[in-house]
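In case you want the letters, here they are:
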Amino acid sequence: MCSSDLIVATQDANGAKQPLGNVGIAVDGIQAVTTTPDGHYQIGRLSPGAHTISVVESTVPSTVQFVADKKKTVTVTAGTSTPLNFYASPLGKITGTVVAPADGGFGALVGLKNVYVVAEPGEHAVITDDDGSFIMDNVPAGTYTLSVDPDTIPDGLGVLSGPEGPLDVQAGLPVSGVVFKLGPAAKNVVFTYSDGRRMPIQVAFTPAVAPPGSVLRVTARP
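Note that this is a predicted model, so its numbers are computed, not measured. (Residues numbered from 1 in each chain as written. Predicted model: local features only at pLDDT ≥ 70, side-chain atom pairs only at ≥ 80, totals over all residues. Heavy atoms only, no water.)

Caption draft 1: How the structure looks around the overall build of the protein chain. Counting its regular elements, the protein chain contains 0 helices and 19 strands. A buried classification covers 33% of the 222 residues belonging to the protein chain. Contacts spanning at least 24 positions in sequence make up 55% of the contacts within the protein chain whose residues lie at least 6 apart. When the accessible area of the protein chain is evaluated, it comes to approximately 13,500 Å², of which 52% is carbon and sulfur surface. (Helix = DSSP H or I, 4+ residues; strand = E, 2+ residues; numbered from the N terminus. Buried < 20%, exposed > 50% of the residue type's maximum accessible area, 1.4 Å probe, protein only. Contact = heavy atoms within 4.5 Å. Areas by Shrake-Rupley, 256 points an atom, 1.4 Å probe, with all protein chains shown as cover.)

Caption draft 2: Representation of the nonpolar core. Counting residues in each nonpolar core, the largest one holds 22 residues, and the members touching the most others are I94, V98, V117, F134, L146, V178 and F180. When contributions to this core are tallied by element, the ones reaching two or more residues are β9 (92-101), β11 (116-120), β13 (133-139), β14 (142-148), β16 (167-169) and β17 (175-184). The element best represented in this core is β17, accounting for 4 residues. The next biggest cluster of nonpolar side chains, apart from the first, holds 18 residues, and it includes L46, L84, F86 and A88. (Core = buried A, V, L, I, M, F, W, Y, C linked by side-chain atoms within 4.5 Å.)

Caption draft 3: Quick look at the pattern of salt bridges. Overall, the coordinates contain 1 salt bridge when judged by the stated rule. Here K70 and E57 are joined by a salt bridge, their closest N and O atoms 3.5 Å apart. With a gap of 13 residues between them, K70 in the loop between β6 (64-65) and β7 (71-76) and E57 in the loop between β5 (49-55) and β6 connect regions that are remote in the sequence. Accessibility expressed as a relative area gives 46% for E57, which makes it partly exposed. (Salt bridge = Lys/Arg side-chain N within 4 Å of Asp/Glu carboxyl O.)

Caption draft 4: Fine view of the environment of K72. Along the polypeptide, K72 turns up in strand β7. The partly exposed category is assigned to K72, whose relative accessible area is 23%. Distance in space between the C-alpha atoms of K72 and S54 is 6.2 Å, their sequence separation being 18 residues. When neighbours within four sequence positions are excluded, K72 is seen to be in contact with H51, T52, I53, L84, N85 and F86. Looking at K72, its side chain comes within polar contact range of the main-chain oxygen of N85, at 2.5 Å. (Polar contact = N/O pair within 3.5 Å; in protein donor to acceptor, adjacent residues only side chain to side chain.)

Caption draft 5: Inspection of the sheet that holds strand β2 (residues 17-19) at higher detail. Reading across from one edge, β2-β1-β8-β6 is the order of the 4 strands in this open sheet, with mixed pairing throughout. Two strands in the sheet have a free side with no partner beyond their single neighbour: β2 and β6. Sheet topology note: the β6/strand β8 (residues 86-90) ladder contains 2 bridges and is antiparallel. Across the sheet, V64 pairs through a bridge with P90, a residue of β8. (Pairing = 2+ DSSP bridges.)

Caption draft 6: Highlighting the sheet that holds β16. The strand order across the open sheet formed by 4 strands is β12-β11-β14-β16, and the pairing between neighbours is antiparallel. The outermost strands of the open sheet, each flanked by one partner alone, are β12 (124-127) and β16. In this sheet, neighbouring strand axes are inclined to one another by 30 degrees on average, regardless of whether the strands run parallel or antiparallel. As paired elements, β14 and β16 share 3 bridges and run antiparallel to each other. By the bridge assignment for β16, G142 is matched with V169. (Axes fitted to C-alpha atoms, helices over the stretch in contact; angles between N-to-C directions.)

What follows is the structure, encoded as structure tokens:
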């Protein structure tokens, strides 16, 4: 098995390829070679028969991911070369901003720093910068739901608007322009009775109908 055409590279959602250099290649579990800067490798002097050729996980850059294409079994025949290429998926990223009124009320919107933005499923999270922007790097291809951790936003604010539905992240392609708009929000109120009794309450809103972001008066009576 010896050929200058053996490569290790990334391939994004559009099919574009980029070579991966300095990636270890193992034969039957033992690292044998490392890819050159242009992603090529060669393995020679293999005994005839079946061999497992794999990518050494510890040498893979953090910006890419091998899922199913990181281990292959080949049958070597004396005097022949076997082409064997490995392709990884480049990880994507999600960028956006978290904004809120400058005075905590209804003023001009400004970026809000130190807000925790979370993408689920998985453990993907990032904290906004001083200008309210965030860049969530190294996100595998998939569908994610973005949210803001309520414990990291100032008291009295809540999320008024955000992404409309889940986000589709494709290999190597960024998702940008995500905006979370925060504004005045009502606090959660819990009614408790020391004797454990339950009774219905009547709740009234003034005004009865209002657009998002409005201030309401809530009255509750037993």
